[in-house]
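# Geometric and topological summary
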Amino acid sequence: MSDQKMTGDVYYPSPEIVQSAHIPDFDAVHAEATADLPGFWGKIASADFEWYKPWRKVLDDSNAPFYKWFVDAKVNIVHNALDRHMRTATRNKAALIFEGEKGDTRTYTYQQLNHEVCKFASVIRSMGVSKGDRVTIYMGRIPELMIAMLACAKVGAMHSVVYGGFSTEALLSRIDDSDSKLLITCDGAWLRGKIIKLKDIANGAVDRAGTIQNVICVKRTGHEVEMVPGRDHWYHDLMALPIASADAETEVMDAEDPLFILYTSGTTGRPKAILHTHGGYMVGSATTLKWVFDIKPEDVWWCAADPGWITGHSYIVYSPLVNGATSFMYEGAPTFPYPDRWWKMVEKYKITILYTAPTAIRGLMRFGESWPNRYDLSSLRLLGSVGEPINPEAWKWYHRVIGAEKCPIMDTWWQTETGNFMITPLPSVPLKPGSATRGFPGVQIDVVDEEGDPVAANEEGFLVIKSPWPAMMRTLYQDPDRYVDVYWSRFSEQGWYLPGDSAKKDEDGYIWVIGRIDDVIKVSGYRLGTAEIESALVSHPAVAESAVIGVPDEVRGNIIKAYCILNAGATASESLAEELKAHVGTEMGPIAKPSMIELVDSLPKTRSGKIMRRVLRAQTMGQDVGDLSTLAD
Ligand code: WTA
């Protein structure tokens with residue numbers, strides 16, 4: 001793409017960055033991948049990864065959309081993340097540098113991390129956890145969370161990590177749905193100087209969950225917690241027993257065997273369990289990290305997400321280790337005790353690459369430049385953004401104040417379902433603030449209308465993905481029909497994947513993601529479903545019916561507004577509205593708490609009884625409510 005032809009506000013990479021990047025010429029690599037997709041991925045899979053047994057075929061699309069990658073190969077992602085590094089000098093390199101909110105620090109070399117993972121794998125094996133079992137993990141952002149995930153993968157069990165910001169009901173439904181037999185948790189997590197009492201919340205769920213046989217609890221905050229004898233065990237006690245043998249075999253898995261499930265919100269009903277595999281997910285997540293963030297041996301990589309979401313799974317836990325990189329992990333809030341916390345740590349640990357969400361950037365931007373300006377941020381060479389569209393103002397602040405106008409910003413669009421970056425620049429690609437640029441090599445992206453025809457430049461349409469990729473989800477756990485229905489039925493004739501986002505494509509083919517087209521709300525980058533929040537509200541005795549919408553917010557992207565119809569007998573009041581907010585906090589978790597509640601007598605519905613959230617949104621924002629012909633009354 002020649003420079004002259006590009007439109008709009010364009011930031012070109014410096015020649016030094018282009019020359020030193022893993023992929024200096026995006027177009028050439030994209031063309032190669034497009035010409036022969038299986039050949040392209042087969043070559044990468046052979047060069048950069050170790051397999052116990054090679055594949056018979058790279059891609060099997062005979063039963064699409066149930067695609068298979070690296071058919072009949074044997075592998076374990078942990079073999080590539082840890083085991084193989086024990087034979088090289090990487091074993092003495094820092095795998096993980098951790099800082100707690102209170103300032104405590106820990107560093108694990110690859111060798112030390114492997115030692116812990118082996119011991120913990122032996123512990124859970126001795127509890128009867130084996131290949132195919134489900135284990136729920138509910139913890140704060142601490143190294144043991146990573147150790148627990150890796151130990152599960154090592155023994156072939158699927159982990160299901162539930163984000164520590166969720167509460168009892170959310171945890172319970174995810175334990176029940178997955179039939180987990182083991183829960184790994186911690187006593188508490190530090191956040192903004194306070195303790196989130198995770199074990200208490202977990203007890204509320206485990207007491208009611210039918211399947212949990214054992215609970216393992218890491219001591220983090222050290223406050224008094226209730227441990228049920230026979231069921232609950234301290235992590236440190238188990239790790240001191242002879243059963244915690246450091247001599248642990250890594251289970252030989254089929255490339256297509258499940259690695260984990262991760263619940264995420266969808267349009268209707270209960271959360272969906274997205275299923276990822278050992279082989280394809282490993283190849284895709286590690287390659288995207290290496291190319292997009294240009295990982296070099298000397299980098300200190302900081303993905304500031306939470307391991308409880310896909311960003312943390314792919315880019316804190318698995319892909320940095322597979323690449324033999326050094327990762328940094330921070331437990332707490334960016335503003336604790338002051339809004340300079342992050343910048344202080346960038347200076348202290350000489351972070352070279354920082355990857356975070358627009359909401360965090362906007363939140364820190366509010367405090368002004370003087371906080372970051374007090375620190376030496378010159379170690380940074382690349383920046384990243386994920387989770388929601390980044391507004392050009394935040395992009396430019398991030399670029400100028402944090403990146404000193406020398407760090408390209410990788411705005412990565414992807415989803416829990418996609419497993420890895422899908423629309424993303426590489427360091428060698430010209431950038432436009434607010435656009436995630438183009439599909440990763442081999443990823444065919446388009447923006448189309450109802451019929452599937454490409455829309456004109458700068459017109460809004462459905463984002464679609466026209467080609468399979470190795471890290472794609474394989475199915476929804478125990479719900480293959482819903483997998484086909486939600487993602488592959490809208491453009492079934494063409495065989496395209498529907499992410500559920502709307503977007504525009506400009507004259508240069510750059511993609512501008514606008515937002516969700518379904519009832520998913522992104523609050524501070526966290527993905528929440530209206531259905532789950534509504535059912536939390538309706539579980540309160542005063543509420544008969546409710547509807548939840550997202551309302552744009554300058555810092556958080558969206559905030560939650562709930563409309564509730566009360567039951568006969570309940571009286572509307574300020575204090576009831578406050579009680580309902582708190583109720584959602586207890587049931588679902590603080591992140592799902594509505595910022596506003598309006599108590600109403602009726603809700604706009606279609607004649608078939610479906611709530612018209614579009615009308616509520618338009619009303620709230622003082623916009624034209626549009627076509628009301630389907631409204632019941
Ligand atoms: C949104 C997060 C614009 C999008 C990795 C997507 C983005 C949803 C971006 C998936 C981005 C993520 N620009 N929008 N760079 N990244 N999104 O599953 O709506 O938590 O469908 O995965 O986040 O959210 P999820």
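Residues numbered from 1 in each chain as written. Predicted model: local features only at pLDDT ≥ 70, side-chain atom pairs only at ≥ 80, totals over all residues. Heavy atoms only, no water.

## Observations concerning unusual backbone geometry
Going from A64 to P65, the amide bond is cis rather than trans, its omega being 10°. Residue position: P65 is located in the loop between strand 1 (57–60) and strand 2 (68–71). Along the chain, F336 connects to P337 via a cis peptide bond; the corresponding omega equals -5°. For R192, which is not glycine, the phi dihedral falls at a positive 50°. Within the secondary structure, R192 is located in the loop between strand 9 (189–191) and strand 10 (194–196). (Helix = DSSP H or I, 4+ residues; strand = E, 2+ residues; numbered from the N terminus.)

## So, the pattern of salt bridges
Considering all chains together, one arrives at 42 salt bridges under this definition. Close ionic contact of D501 with R516 constitutes a salt bridge, the shortest N to O distance being 3.2 Å. You can see D501 sitting in strand 24 (residues 501–505) and its partner R516 sitting in strand 25 (residues 511–516), a full 15 residues away along the chain. Relative accessible area serves as the criterion here: at 24%, R516 is assigned to the partly exposed category. In the salt-bridge network here, residues are joined through shared partners; they are K199, D207, R231 and D232. (Salt bridge = Lys/Arg side-chain N within 4 Å of Asp/Glu carboxyl O. Buried < 20%, exposed > 50% of the residue type's maximum accessible area, 1.4 Å probe, protein only.)

## Quick word on the side chain of R231
Mapped onto the fold, R231 is located in the loop between strand 11 (214–218) and strand 12 (232–234). Non-local contacts of R231, meaning those with residues more than four positions away in its chain, are made with K199, N203, V206, D207, Q213, N214 and V215. (Contact = heavy atoms within 4.5 Å.)

## Digging into the pairing of strand 6 (residues 134–138)
A large share of strand 6 lies buried, amounting to five of its five residues. Going residue by residue along strand 6, you find R134, T136 and Y138 tucked away on one face and V135 and I137 tucked away on the opposite face as well. Both strand 6 and strand 8 (residues 182–186) contribute to a ladder of four bridges, which runs parallel. Bridged to T136 within strand 8 is L183. (Pairing = 2+ DSSP bridges.)

## Quick look at the site of the ligand
Within the structure, the ligand sits among 17 residues, and D411, T412, T416, R516 and R527 are positioned closest to it. In the environment of the ligand, an oxygen atom lies 2.8 Å from a nitrogen or oxygen atom belonging to the side chain of K522. A distance of 2.7 Å separates an oxygen atom of the ligand from a polar side-chain atom of R527. Within the complex, the protein chains bury 97% of what would otherwise be the 530 Å² of accessible surface of the ligand. Taken together, the elements giving at least two residues each to the shell around the ligand come down to helix 11 (310–322), strand 20 (409–412) and strand 25. (Near = heavy atom within 4 Å. Polar contact = N/O pair within 3.5 Å; in protein donor to acceptor, adjacent residues only side chain to side chain. Areas by Shrake-Rupley, 256 points an atom, 1.4 Å probe, with all protein chains shown as cover.)

## With respect to the sheet that holds strand 20
As summarised here, the arrangement of the seven strands in space is 5-4-17-16-18-19-20, forming an open sheet in which the pairing is mixed. Edge positions in the sheet fall to strand 5 (105–109) and strand 20, since each of these pairs with one other strand and no more. Pairs of neighbouring strands in the sheet enclose a mean axial angle of 20°, with direction left out of account. As paired elements, strand 16 (residues 300–303) and strand 18 (residues 353–356) share three bridges and run parallel to each other. Looking at the pairing, W301 lines up with I353 of strand 18. Against the sheet, helix 5 (residues 110–126) touches strand 4 (94–99) and strand 5, its axis set at about 90° to strand 5. (Axes fitted to C-alpha atoms, helices over the stretch in contact; angles between N-to-C directions.)

## With respect to the packing of aromatic side chains
Applying the stated criterion across every chain, the model contains 40 aromatic pairs. Between F40 and W41 the ring centres are 5.2 Å apart and the planes differ by 75°, which places this aromatic pair in the edge-to-face class. Here the aromatic rings of Y483 and Y487 are separated by 6.3 Å at their centres, their planes lie at 50°, and the arrangement is tilted. Remark: Y487 and Y483 occur in helix 16 (residues 480–488); sequence separation between them is four residues, near one turn of the helix. On the basis of relative accessible area, Y483 is assigned to the buried category, the value being 0%. One aromatic cluster in this structure is built from F66, Y67, W469, Y483, Y487, W488 and Y497. Its end group placed over the ring of W234, K219 keeps NZ or CZ at 4.7 Å from the ring centre. Over the aromatic face of Y510 sits the side chain of K432, whose NZ or CZ is 4.9 Å from the ring centroid. (Phe/Tyr/Trp six-rings, centres within 6.5 Å; stacked < 30°, edge-to-face > 60°. Lys NZ or Arg CZ within 6 Å of the ring centre and 35° of its normal.)

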